[in-house]
Amino acid sequence: MTPAATVKFPEKHYLNEGFGWKSWLLTTDHKRIGLLYLVSITLMFFLGGFFAFLIRLQLLTPHGEFLKGDTYNKIFTMHGVVMIFFFLIPSIPATLGNFLLPLMIGAKDLAFPKINLLSWYIFIIGAIYVLWIIMVGGLDTGWTLYTPYSTKYSNTNVIAATLGVFVLGFSSILTGLNFIVTTHKMRAPGMTWFRMPLFVWALYATSLIQILATPVLAISMVLLAAERFAGIGIFDPALGGDPVLFQHMFWFYSHPAVYIMILPSLGVVSELIAAFARKKPFGYKFIAVSSMMIAIFGFLVWGHHMFVSTMSVYAGMVFSFITYFVAVPSGVKVFNWTATLYKGSIAFDTPMLYAIGFIGLFIIGGLTGLFLASMGLDQHLHDTYFVIAHFHFVMVGGAVMAYFGGLHYWWPKMFGRMYPEGWGRLSALIVFIGFILTFFPQFVVGYLGMPRRYYIYAPEFQVWNVLSTAGSTILAIGYILPLFYLFWSLKYGPVVDNPWNAKGLEWTVASPPPWDNFAETPVVTEDAYNYPLHPMGEEPQLAPGQDPMPGYRMPSETGATGD
């Protein structure tokens, strides 16, 4: 890490351009909007986590002594709705993506700054709406809103929930549209497609899914509301409808949505592996293309959620085969990360610990997904805790670990100050141990036959549930710790500029960055990740006149125009 004594905090930066509430709530600066998202989704993360903790308390004993059945149904539903729609989907794109995308491609802002702010306001409206639903009685349908239960039998706030999800979808679509246009039109001279950072590739692939899949969810919500409110027969067999149609429409969005959650995480981990191994990622182009392949195949596998429905067996065989195939581009990433680590100069700082934890948990989550892709085995495992464990190994072990890793990696860039590294490493270790203890027992209890969403269970499953509840307590400590030391670092953390000696356009500007990012548009003259600059943790030994960040030039320096 560069010693603090050699780094001066910049006099002018995006954080001190204005201090009034208007300067934040009416800002069009992508960095400030990224921070607005950071605060918003952090609140939603801990709200969703609170619901999860209530679930684990309920399952501590087999006889359901903490919550009544109806309340339990609402708690696990709100846990799913809050965590998926208000944390996992927007987490990395809306926070790290918003803050970093223009900086990483040499732009002054996103293509549509006002639409970017509008996206955040739509997100907040949706969040407030969900909080209102919770206060007036909640929702008990599960986050999947399956019909005909949601259209006919549920007595909770189904119409309000569908309206909230419908509104929220516009935030996701507008963010995706903004990222796509920005990536196409605002890259710095010389930054060709295959010189883009892998995080940008991941955001681009994610954005394509957001604008193509989200409208299908919106249509599904409208049709569901039309049947429940007006009695129009669409999904209810008694009215001439087909409930399996809703499952097709819901999963046509919701399986690609899994990749909205995980693709940005894959991009973050690619950045961390390169920075902390001091190497260009092995097979850079394969990793970049694999992001696009995951986005494409993600649209073709929704039927594997429906093997036990009335869907044709032959259609199920096709979905099963394609699901196995989607593992190939995911495997390419894991193989290439591992190959990058080989003979790398690896530094085990906090972000790298999260990245290594991500790889391990993502492998377990991915491989257990292949179990569920098998039609025969899925008959046994469907709607058991095995599915819960698989989903959380990918979404929490994967997406949340990468989010925390990215947050720790770019925290010095955001605020120009460093957090206490020891506390960061301890937190990463606690999260990893707590996660394994929480969710690995659920593979066992699920395989043994414990169904999901039941508020009571057979006594022989209790020991596994006690382990899960104990693990969730440890996991909660690991998630809460960063709140304290990151907040502490904002005032007391040592001043740093580029503590990782990392490559990338975002590290060529001051930390925290100036309001308009770059005084003049940079010119990129080399491929991404041209490591090593110098060993991690040491001051660069520069000859007189030597550029500390070769590969990037300002036009006024050389007159270069890139290629």
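Residues numbered from 1 in each chain as written. Predicted model: local features only at pLDDT ≥ 70, side-chain atom pairs only at ≥ 80, totals over all residues. Heavy atoms only, no water.

Participant: Please explain the overall build of the protein as it appears in this structure.
Facilitator: Along the backbone of the protein there are 17 helices and 2 strands. Taking 563 residues into account, the globule formula puts the C-alpha radius of gyration at 24 Å, and the protein, at 24 Å, falls close to it. By its C-alpha atoms, the protein is 80 × 50 × 45 Å across when sized along the principal axes. Residue burial in the protein is summarised as follows: out of 563 residues, 58% are buried. (Helix = DSSP H or I, 4+ residues; strand = E, 2+ residues; numbered from the N terminus. Rg over C-alpha atoms; globule rule 2.2 N^0.38 Å. Buried < 20%, exposed > 50% of the residue type's maximum accessible area, 1.4 Å probe, protein only.)

Participant: Before we go on, may I ask you to explain the layout of surface pockets in this structure?
Facilitator: The probe, sized like a water molecule, is rolled over the atoms to show the empty space still left. Taken as a whole, the second largest pocket spans an internal volume of roughly 480 Å³. If you go around the second largest pocket, you meet 20 residues; those closest to its centre are L38, V39, T42, W411 and L483. Listed by contribution, the elements that provide at least two residues to the lining of the second largest pocket are α2 (30-58), α14 (385-415) and α16 (462-492). Here the element with the most residues in the lining of the second largest pocket is α2; it accounts for 7 residues. When the residues that make up the lining of the second largest pocket are grouped by side-chain class, the tally is 19 nonpolar, 1 polar and no charged. (1 Å grid on protein atoms, 1.4 Å probe; cavity = no way out; pocket = protein on both sides within 12 Å on 5 of 7 lines; lining within 4 Å. Points joined across faces, edges and corners; volume = space filled by probe spheres on them. Nonpolar A, V, L, I, M, F, W, Y, C, P; charged D, E, K, R; others polar.)

Participant: Even after reading the chapter, I still don't get the environment of V387, so can you show me in this structure?
Facilitator: Among the secondary structure elements, V387 is positioned in helix α14. Judged by its relative accessible area of 19%, V387 is buried. A sequence separation of 59 residues divides V387 from G446, and the C-alpha atoms of the two residues are 7.5 Å apart.

Participant: Can you walk me through the nonpolar core in this structure?
Facilitator: Considering soluble globular proteins, one finds that nonpolar side chains tend to be buried as a cluster. Counting residues in hydrophobic clusters, the biggest one holds 170 residues, and the most contacted among them are F85 and F358. Not counting chain neighbours up to four residues away, the residues in contact with F358 comprise I262, S265, L266, V269, W337, G397, G398, A399, M401 and A402. (Core = buried A, V, L, I, M, F, W, Y, C linked by side-chain atoms within 4.5 Å. Contact = heavy atoms within 4.5 Å.)

Participant: What is the right way to read the packing of aromatic side chains from this model?
Facilitator: The way to describe two aromatic rings as a pair is by their centre distance and the angle between their planes. A complete count under the given rule lists 49 aromatic pairs for this structure. Aromatic pair F235 and F246: ring centres 5.2 Å apart, planes at 80 degrees, arrangement edge-to-face. With F235 in the loop between α8 (198-230) and α9 (243-277) and F246 in helix α9, the pair connects residues that are 11 residues apart, well separated along the chain. F246 matches F235 in its accessibility class, with the two residues each being buried. Taken together through their ring pairs, the aromatic side chains of F45, F46, F87, Y354, Y403, F404 and Y479 make up a single cluster. Over the aromatic face of W24 sits the side chain of R32, whose NZ or CZ is 4.1 Å from the ring centroid. Positioned above the aromatic ring of Y284, the side-chain terminus of K280 is 5.6 Å from the ring centre. (Phe/Tyr/Trp six-rings, centres within 6.5 Å; stacked < 30°, edge-to-face > 60°. Lys NZ or Arg CZ within 6 Å of the ring centre and 35° of its normal.)

Participant: Just checking my understanding: could you explain helix α3 (residues 69-88) for this structure?
Facilitator: Counting along an α-helix, one turn takes 3.6 residues, and residues three or four places apart therefore face a common direction. Helix length check: α3, at 20 residues, gives a terminal C-alpha distance of 27 Å against a target of 28 Å (1.5 Å per residue), a fit within 8%. Taken across its 20 residues, α3 has 16 buried, putting it largely inside the fold. (Expected span 1.5 Å × (residues − 1).)

Participant: Explanation requested: the side chain of T214 in the structure shown.
Facilitator: In this fold, T214 is placed in helix α8. At a separation of 2.6 Å, a polar atom in the side chain of T214 contacts the main-chain carbonyl oxygen of Q210. Once residues lying within four places of it in the same chain are set aside, the contact partners of T214 are G169, S172, I173, I209 and Y253. (Polar contact = N/O pair within 3.5 Å; in protein donor to acceptor, adjacent residues only side chain to side chain.)

Participant: Can you help me understand the environment of I430 in this one?
Facilitator: Within the secondary structure, I430 is located in helix α15 (residues 421-447). Sequence-wise, I430 and L481 are 51 residues apart; in three dimensions their C-alpha atoms are separated by 9.5 Å. If near-sequence neighbours (up to four positions away) are discounted, I430 is found in contact with I474, I477, G478 and L481.

Participant: Honestly, empty space enclosed by the protein in this entry has me stumped. Any pointers?
Facilitator: Applying the stated rule across the entire model yields 3 cavities of 30 Å³ or more. As for the largest cavity, its lining consists of 17 residues, of which F85, I89, L168, S171 and S172 are closest to the centre. When contributions to the lining of the largest cavity are tallied by element, the ones reaching two or more residues are α4 (91-105), α7 (158-185) and α8. Per element, the largest residue contribution to the lining of the largest cavity is 6 residues, and it comes from α7. Here the lining of the largest cavity is built from residues that sort into 11 nonpolar, 6 polar and no charged.

Participant: Is there a simple way to explain the pattern of salt bridges in this structure?
Facilitator: It is possible for side chains of opposite charge to pair when their charged atoms get near one another. Applying the stated criterion across every chain, the model contains 9 salt bridges. Of the charged contacts in the structure, one is a salt bridge between K152 and D236, with a shortest N-O distance of 3.9 Å. With K152 in helix α6 (residues 149-153) and D236 in the loop between α8 and α9, this residue pair connects regions lying 84 residues apart in the sequence. Its relative accessible area of 44% is what places K152 among the partly exposed residues. D236 sits in the buried class, given a relative accessible area of 7%. Here D383 makes a salt bridge to R452, at a shortest N to O gap of 3.5 Å. Placement of D383 in the loop between α13 (375-381) and α14 and of R452 in the loop between α15 and α16 is noted, with a sequence separation of 69 residues between them. The exposure class of D383 is partly exposed, given its relative accessible area of 37%. It is possible to trace a salt-bridge network through shared partners that takes in R195, K280 and D527. (Salt bridge = Lys/Arg side-chain N within 4 Å of Asp/Glu carboxyl O.)

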